[in-house]
Amino acid sequence: MQDIKCPHCDKTFKVDEAGFADILKQVRDDQFAKDLHERLELAEKEKVSAVQLAESKLKSTLQEELVKKDKELAELKAEKDCNLAEELGKKEVELAEMKSKIDKAEVEQKLSVTEAVKKIEKERDDLANDLKSKETEKQLLEKSLQEKFSTELKTKDDIIKMKDEEIALRKDMKLKLSTKMVGETLEQHCEVEFNKLRATAFQKAYFEKDNDASSGSKGDYVYRETDDAGNEIISIMFEMKNEGDETTTKKRNEDFLRELDKDRTEKKCEYAVLVSLLEAENELYNTGIVDVSHKYHKMYVVRPQFFIQIITLLRNAAMNSLEYKAELALVRSQNVDITSFEDDISKFKEGFAKNYDLASRKFKTAIDEIDKTINHLQKTKAALLSSENNLRLANNKAEDLTIKKLTRGNPTMTEKFTELSDADEIS
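Residues numbered from 1 in each chain as written. Predicted model: local features only at pLDDT ≥ 70, side-chain atom pairs only at ≥ 80, totals over all residues. Heavy atoms only, no water.

Some remarks on the sheet that holds strand β3 (residues 205-209)
Then comes step 1: A sheet is described by the order of its strands in space; here six strands give the open sequence β3-β4-β5-β6-β8-β7, paired in mixed fashion. Each edge of the open sheet carries a strand with a single partner, namely β3 and β7 (290-291).
Then comes step 2: Two elements, β3 and strand β4 (residues 221-226), share five bridges in a ladder whose sense is antiparallel. Looking at β4, one finds that K209 is bridged to Y221.
Then comes step 3: Lying over the sheet, helix α5 (residues 307-320) contacts β3, β4, β5 (232-241), β6 (271-276) and β8 (299-302), oriented at roughly 160° with respect to β5. (Pairing = 2+ DSSP bridges. Helix = DSSP H or I, 4+ residues; strand = E, 2+ residues; numbered from the N terminus. Contact = heavy atoms within 4.5 Å. Axes fitted to C-alpha atoms, helices over the stretch in contact; angles between N-to-C directions.)

Shown next, in the form of structure tokens:
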């Protein structure tokens with residue numbers, strides 16, 4: 001065991017050999033690490049110093065080389081400048097000679113060019129005059145030709161335009177006929193065209209086939225539209241008609257107008273529209289929307305391509321008059337209210353008059369009965385008054401009646417009353 005004193009707290013403690021060896025090892029290891037760290041730092045410093053020294057030497061060497069090269073370059077430059085000065089002198093002499101020759105050539109060339117330019121300018125002016133003359137002749141010729149053929153060209157353009165329009169119309173008609181829009185197919189075409197815009201332009205509109213044949217006939221489609229208050233904006237009865245080229249008997253649009261007007265009236269529609277491909281050659285119906293109201297009230301004939309346009313036109317016109325319709329409906333409702341009020345007043349008057357007549361008759365009967373009762377009472381009163389008088393007379397008579405008057409002229413009764421009187425006195 002060995003005693004070890006702590007250098008910090010001066011405390012002494014015992015350590016065996018193994019512990020002492022361990023402590024000694026730790027001390028050595030710490031010292032070794034410390035020495036190693038110091039040596040590494042020293043080596044790093046030496047490395048930096050060596051690098052700096054090498055850089056210094058390299059810079060010095062390079063500087064010396066640079067000075068040497070500059071010296072050599074200056075010598076070469078001096079030698080070159082001397083040679084160049086000689087060459088430059090020679091070249092300047094040659095240049096002066098060449099310049100003199102050039103100046104002389106330029107003067108000669110300028111003279112030649114001036115003469116050539118004057119000649120060319122003269123030719124140019126001559127050509128310009130000729131060209132101007134030709135241009136004038138050309139303009140006169142063109143004007144003459146334009147005046148000569150302007151009428152023919154205009155007529156030709158008009159003819160071409162008419163032909164183009166006719167061709168376009170024929171193509172359109174052919175296209176529609178090529179789709180075989182006969183009967184139900186034409187109806188389907190119109191329904192498809194309407195349904196394309198139903199969600200955007202006709203959200204509150206009713207457009208369905210007319211299936212009500214209770215009156216004996218029916219149209220093809222009925223269009224109705226009302227506002228939020230339930231007022232009808234517009235109603236249209238549609239009829240679709242077409243026939244193919246193979247049809248032997250050609251129908252006319254006019255053949256269907258009367259029946260269409262009948263259907264419109266029976267279904268209480270405001271307008272009637274015939275969508276027709278009949279009479280394909282008729283220019284009247286090919287112009288677009290045809291108003292036939294002079295024959296049948298509020299009726300139109302259109303080609304299929306104007307199906308949506310006729311709805312839009314009639315609808316817009318109806319929308320403009322909607323305010324007036326609303327005012328008219330209000331006036332009508334007010335008139336109905338007034339009529340109802342007048343009816344109620346009339347009924348009240350009739351009832352009152354009836355009741356008054358009945359009450360009047362009852363009142364008259366009651367008055368008559370009262371009068372009769374009064375008469376009866378008056379008779380009864382008179383009878384009572386008469387009876388009272390008789391009773392008064394009777395009473396007076398009764399008061400005047402005496403025994404003397406009763407026995408006067410009647411000896412028997414006198415004797416009887418005398419006997420009664422005597423008996424009373426004895427008792």
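Points about the pattern of salt bridges
Then comes step 1: Under the definition given, this model contains eleven salt bridges.
Then comes step 2: Notably, a salt bridge pairs E187 with K209, separated by 2.7 Å at the nearest N-O pair. In this pair, E187 sits in helix α2 (residues 184-201) while K209 sits in strand β3, placing the two residues 22 residues apart along the sequence.
Then comes step 3: Given a relative accessible area of 28%, K209 falls into the partly exposed group.
Then comes step 4: As a salt-bridge pair, E193 and K196 come within 3.2 Å of each other at their nearest N and O atoms. One end of the pair is E193 and the other is K196, both in helix α2 and three residues apart, which spans about a single turn.
Then comes step 5: On the basis of relative accessibility, which here comes to 56%, the residue K196 falls in the exposed class. (Salt bridge = Lys/Arg side-chain N within 4 Å of Asp/Glu carboxyl O. Buried < 20%, exposed > 50% of the residue type's maximum accessible area, 1.4 Å probe, protein only.)

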